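If you want the building blocks of each chain, they are given just below.
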Amino acid sequence: MFDEDQLKTKNTRALRHTMRSSSLFNSPAIPEMLGVYCVTLHVSGEILHLVFCVCISGPASVVTMLVAPLLLVLFVPFSPSSGAQLPNQAKAKDLPIATNGQPFPWDRMRLPTTVTPLHYDLAIHPNLTTLDFTGVVRIELDVHEDTNTVILHAKQMQISNVFLLAPEGIKRLQVLEYPRFHQLALLSDSMLIKGRKYEVHLAFAANLSDSFHGFYKGSYRTSSGEVRVLASTQFEATFARGAFPCFDEPAFKANFTIRIIREPRHIAISNMPMVKTVELPGGLLEDHFDTTVKMSTYLVAYIVSDFKKLACSLFFTVIRLQISIYAVPEKIDQTAFALDAAVKLLDFYDDYFDIPYPLPKQDLAAIPDFQSGAMENWGLTTYRETGLLFDPEKSSASDKLGITKVIAHELAHQWFGNLVTMEWWNDLWLNEGFAKFMEFISLDITYPELHDDFFLAKCFEAMEVDSLSSSHPVSTPVENPTQIQEMFDDVSYDKVNLTCYILSFNSCDVVAFIQHYVCLYTQKWYSGDELDVRAIMDTWTLQEGFPLVTVEVRGREVRLSQERYLKTDDPSPSEGFLWQIPLTYKTSASNTVHRFLLKTKTDVLFLPEEVDWVKFNVDMSGYYMVHYAGEGWNSVIKLLQHNHTALSGNDRANLIHNVFQLVSIEKVRLDTALELSLYLSRETKIMAVTQGFGELVPLYKLMEKRDMKVLENQMKVNLFQDLIDQQEWNDSGSVSQRVLRSYLLLFACVRNYAPCVTKATQLFNQWKDSDGTMSLPVDITMAVFVIGARMPEGWDFLFEKYRHSLQMSVKSRMKTAMAVSPLQDKLKWMMEQSLIGEIMKTQDLPDVVVSVSKNPHGYQLAWDFLRANWHTMIKKFDLGSHTISHLVTGVTNQYSTREMLDEVRNFFGSLTEETGSEMRCIQQAYETIEDNIRWTDKNLPLLQAWLDKRNRRVFHEDL
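About the cut-offs
- Residues numbered from 1 in each chain as written.
- Predicted model: local features only at pLDDT ≥ 70, side-chain atom pairs only at ≥ 80, totals over all residues.
- Heavy atoms only, no water.
- UniProt positions renumbered as here; feature names shortened; annotations may be inferred.
- Helix = DSSP H or I, 4+ residues; strand = E, 2+ residues; numbered from the N terminus.
- Areas by Shrake-Rupley, 256 points an atom, 1.4 Å probe, with all protein chains shown as cover.
- Pairing = 2+ DSSP bridges.
- Salt bridge = Lys/Arg side-chain N within 4 Å of Asp/Glu carboxyl O.
- Buried < 20%, exposed > 50% of the residue type's maximum accessible area, 1.4 Å probe, protein only.
- Core = buried A, V, L, I, M, F, W, Y, C linked by side-chain atoms within 4.5 Å.
- Axes fitted to C-alpha atoms, helices over the stretch in contact; angles between N-to-C directions.
- Contact = heavy atoms within 4.5 Å.
- pLDDT = per-residue confidence, 0-100.
- Nonpolar A, V, L, I, M, F, W, Y, C, P; charged D, E, K, R; others polar.
- Phe/Tyr/Trp six-rings, centres within 6.5 Å; stacked < 30°, edge-to-face > 60°.
- Expected span 1.5 Å × (residues − 1).
- Polar contact = N/O pair within 3.5 Å; in protein donor to acceptor, adjacent residues only side chain to side chain.

The name that an unreviewed UniProt entry assigns to the protein chain is Aminopeptidase, with the source organism given as Oreochromis niloticus. In the Sequence similarities (unreviewed entry) part of its UniProt record, the protein chain is described as follows: "Belongs to the peptidase M1 family." Here is the UniProt Subcellular location (unreviewed entry) comment for the protein chain, exactly as written: "Endomembrane system".

A. Looking closely at the overall build of the protein chain. When you go through the protein chain residue by residue, the secondary structure sums to 28 helices and 32 strands. For the protein chain, the exposed surface amounts to about 36500 Å²; the carbon and sulfur share of it is 50%.

B. Up close: the sheet that holds strand β21 (residues 361-367). Read across the sheet, 5 strands follow the order β19-β20-β21-β23-β22 without closing on themselves; strand pairing throughout is mixed. If you trace the sheet from one side to the other, it starts and ends with β19 (308-315) and β22 (374-375), each paired once. Taken together, the 2 bridges between β22 and strand β23 (residues 380-384) define a ladder with antiparallel strand orientation. Across the sheet, the residue bridging to A374 is Y383, located in β23.

C. Spotlight on the pattern of salt bridges. Enumeration over the complete set of coordinates arrives at 38 salt bridges. The partner of D121 in a salt bridge is R138, with the nearest N and O atoms 4.0 Å apart. Separated by 17 residues along the polypeptide, D121 in strand β4 (residues 115-127) and R138 in strand β5 (residues 132-143) bring together distant segments of the chain. The buried category is assigned to D121, whose relative accessible area is 15%.

D. The nonpolar core, seen in detail. Residues F244, Y302, F616 and F908 are the most contacted members of the largest nonpolar core, which totals 278 residues. No other element matches helix α28 (residues 920-958), which puts 12 residues into this core.

E. Focus on the sheet that holds strand β32 (residues 625-628). Within the open sheet, the 4 strands sit side by side as β30-β27-β26-β32. Their pairing is mixed. The sheet is open, and its two borders are formed by β30 (602-606) and β32, each paired with just one other strand. Averaged over neighbouring strand pairs, the angle between their axes works out to 25° when direction is ignored. Inspection of the sheet shows strand β27 (residues 557-564) paired to β30 by 5 bridges, in the antiparallel sense. When the bridges of β30 are listed, V558 appears paired with L605. Sheet strands touched by helix α12 (residues 649-664): β26 (547-554) and β32. Its angle to β32, the strand with the most contacts, is close to 75°.

F. Structural view of the pairing of strand β6 (residues 147-153). A large share of β6 lies buried, amounting to 6 of its 7 residues. Note: β6 against strand β10 (residues 183-192), 6 bridges, orientation antiparallel. The partner of L152 across the bridge, within β10, is L184.

G. Representation of helix α26 (residues 882-892) in the model. Of all 11 residues in α26, 8 are buried; the element is thus mostly enclosed. Residues of α26 that are buried include every one of T883, I884, S885, L887, V888, G890, V891 and T892, and no others.

H. Representation of the confidence of the model for the protein chain. Of all residues in the protein chain, 81% attain a pLDDT of 70 or more, and the chain-wide mean is 83. Note that pLDDT drops below 50 for residues 1-85; the model gives that stretch 229 contacts with residues more than four away or on any other chain. Taken as a whole, residues 955-959 scores under 50 in pLDDT and shows 0 contacts with residues more than four places along the chain or in a different chain.

I. Unusual backbone geometry, seen in detail. A cis geometry characterises the amide bond from E236 onward to A237, with omega recorded as 5°. On the secondary structure map, A237 appears in the loop between β13 (227-234) and β14 (255-262). At M620, a position not held by glycine, the phi torsion is positive, near 55°. Note on placement: M620 falls in the loop between β31 (614-616) and β32. On the accessibility criterion, M620 (1% relative accessible area) is buried. Of note in the backbone geometry, D878 takes a positive phi value of approximately 85° without being a glycine. As for its position among the elements, D878 is in the loop between α25 (870-877) and α26. Since its relative accessible area comes to 13%, D878 is described here as buried.

J. The packing of α25 against α26, seen in detail. For the pair α25 and α26, interaxial distance at closest approach is 9 Å and the crossing angle is 145°. Here α25 contributes W870, M873, I874 and F877 to the contact with α26, which in turn contributes T883, I884, L887 and V888. A breakdown of the residues in the contact of α25 with α26 according to their chemical character gives 7 nonpolar, 1 polar and no charged.

K. Local environment of the environment of R595. As for its placement among the helices and strands, R595 is situated in strand β29 (residues 590-598). Taking the relative accessible area as the measure of exposure, R595 reaches 36% and is therefore partly exposed. Along the backbone, R595 and V618 are 23 residues apart, and their C-alpha atoms lie at a distance of 9.8 Å.

L. Region of the structure containing the packing of aromatic side chains. In this structure the tally under the stated criterion is 46 aromatic pairs. Considering the side-chain rings of F693 and F747, the 4.5 Å spacing of their centres and the 25° angle between planes classify their relative orientation as stacked. Taken together, the residues span a long stretch of sequence, with F693 in helix α14 (residues 686-705) and F747 in helix α17 (residues 735-750) at a distance of 54 residues. Relative accessible area serves as the criterion here: at 10%, F693 is assigned to the buried category. Consider the rings of F720 and F747, whose centres lie 5.7 Å apart with planes at 85°: the pair is edge-to-face. Of the two residues, F720 is situated in the loop between α15 (709-715) and α16 (721-725) and F747 in helix α17; the sequence distance between them amounts to 27 residues. Across this residue pair, the class does not change: F720 and F747 are buried.

M. α17, seen in detail. The terminal C-alpha atoms of α17, which comprises 16 residues, lie 23 Å apart, in line with the 22 Å expected from a rise of 1.5 Å per residue. Listed as buried for α17 are V735, R738, V739, L740, R741, L744, L745, F747, A748 and C749.

N. Expanded view of the side chain of R384. Along the chain, R384 falls in strand β23. Since its relative accessible area comes to 13%, R384 is described here as buried. At 3.2 Å, the side chain of R384 forms a polar contact with the backbone oxygen of Q371. Aside from chain neighbours lying at most four places away, what touches R384 is I367, F370, Q371, S372, G373, Q843, D844 and D847.

O. A look at the environment of H119. Tracing the chain through its elements places H119 in strand β4. Setting aside its immediate chain neighbours within four residues, H119 contacts R138, I139, E140, A254, N255, F256, T257 and T291. A polar side-chain atom of H119 sits 2.7 Å from a polar atom in the side chain of T257.

Listed below in structure tokens is the structure:
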């Protein structure tokens, strides 16, 4: 048995000393280990194996995991692969053709490893008037095999003045371009010799990108109406090649020394601190930045703008860390909370990982035009303005929680992803899954008052994608940029996060230390009877989907079986799947949480006594669904109706989710799920209430899109009426109470609950009469704005306030309220303006279109808009990106007729591979619509019968 206290004192201290005083790059070879899960990754340029180790720590709960982190990493250096050599030149007839008609000497998407970069010296000059840039890069190379060819990346740029700096002198290189793979071939008339160091010199020029990736232009409008331009970068996953010639794959780590030429009215920031500024002819300035640590190209970042900053210093044991928040000048007063959060979280991570933060500064920049939520560039993390800016007077509790989570995620990446990097994008989950996991860990410690149960929501989101036959394993082979972009989905982000909790079975602690010489201690982690962690992990990471566990209680005997949960009428994709499932359960006889490892298709466990009910997957701590066969669901319904607090709020949310999802695969009848939902009239916990919304609101939406007004009106049996009536129209209470209030009042107004509509109308009119100066309670503004946007004059007034507001959270709520208005001309105009990007930001277009698609008055408008502007949007947001996936699935996921399925198939079927026909999200859209059709055909008669029965029962009760 592992002695945790001993490692925490003696061994950890020794490792910390080794880490700080020794090179990371001289690890001894490590013998093969059993009971571990390995992935290939890079740490500061070395190729390593990451080994996840789990320890059994007795009765400690997950709280132990938060306090005593013990995830270990084994370092196994090996030389670059000899399998990726340049192809035999004799086979030139099989090679691709360069733009000049010559054979291009490389035929694969991924670069060869015959030559790798050591250091980039990059000088770049963006012109914010002409909206283009020029630059020069000098790359120091390490040659691993004799060759006369250097293959690297460049995309849509003009290349000139290409030279080789060799020991024997400077030589001009021939340049071949192969745009399909974004590759350049630099050909030398003499051989580059293995073991020698060389440099290549390239000049380049390009336009600033019109998209949100690469080196792209952005702008913002001041309160006086002036438009100001900036330039910033977004290189993940494959966009550094559009900013400078480079080896644009994560395994090719190198150091970067960056210089940026700018006008005096601007500032420049990059990954490292500025060391000096040099005056150039013509009144220009050149900022020189310190050399970075070894890192991948996708983490390089620089910004040229007129931003202001708010800064402070954080003192660690041996270093002083400068932390700065950058924003446009008129919003710098909204950065104080982000600065406080960054300080707390960096301090926590430095202590938690027990590995020093390797850079002298950490900047966080709010970018006015930004496609993603945020990006973890080393030393310069970038964010949407809504992800960083917080106004204590205007921002909500949800805003504070969201901002803190985003900052926690990106700062966790400074260790997971930046220091420890996957070798290739198939292991993106290593980056994103653990960063997502650290959101929960870090917020529990640093901001306990913000704690909520958002973990469950992420679990349910991941399951929604993972329940389709088009899902993918956590680790999936990918090659081209579109496939790589598609990896940034809920499976990569959330399923690994959830798998960490799976490994909490038997109080296993899963954490992440990246330590040197850890192999010396690994043998102490396992004894013969401990969990075979690799066997468990493989079943969750190497196959797609998740299990459905069927439970049938017969006296003291509990019969268990497992199968893949899959939303399809074709059973073949679910065959051959088997998981090792750490089950947890509790019964009516005891509050004790029991555990059982289900390793086979079927098994039996025995209870010490007969019980009234059993609940598996306690607090939704595992990534699986449960079906209670026989009388199981009836026992659960009886419990919820008479004593729902016998189970936790998370358990109740879990039951709501599972029973409705089982309706989709015909394991449970719809009337059973609806009977269970009736207990919600007494529910007060946020996760259970919001999960009730999550399952019932789509029923409204399906009926809206089939124009079934009579049935929809019958469905308005308001389970939440008592809870809604209890809500005060103010900002009092805890974070969970405030978030719940926002949900409830918005739901009530959207569903036209008269008391709430009357109150919201009154408040909107008062706010409008004050010309927007009246202070509305933050938590109720969404409900008030939604009601106000229903009338043309209210919508126009709201839009004017949106145009001039500097509070990003307020603008976000106004935008959403305008998008759910019944005014179709306004909805169409709003989407058009978001695409143009002058009045409304194009970065918000996907959210606007998806919001309009959820609107019963706008779903056809959104579909028409998506089709008409498809080619523009895939160019702007990039093919395969999460944004495009969100658009496709968000617009189509509530269609439930064969006519709409045919429309969707006809449109996407007309696309080519270059315009997106092979994207996974299109297959997901087909599957989701097919599932909706099956559901409605099967369940609408049941719904009608249940409502008729329910209404008769209520009538007799009233009598």
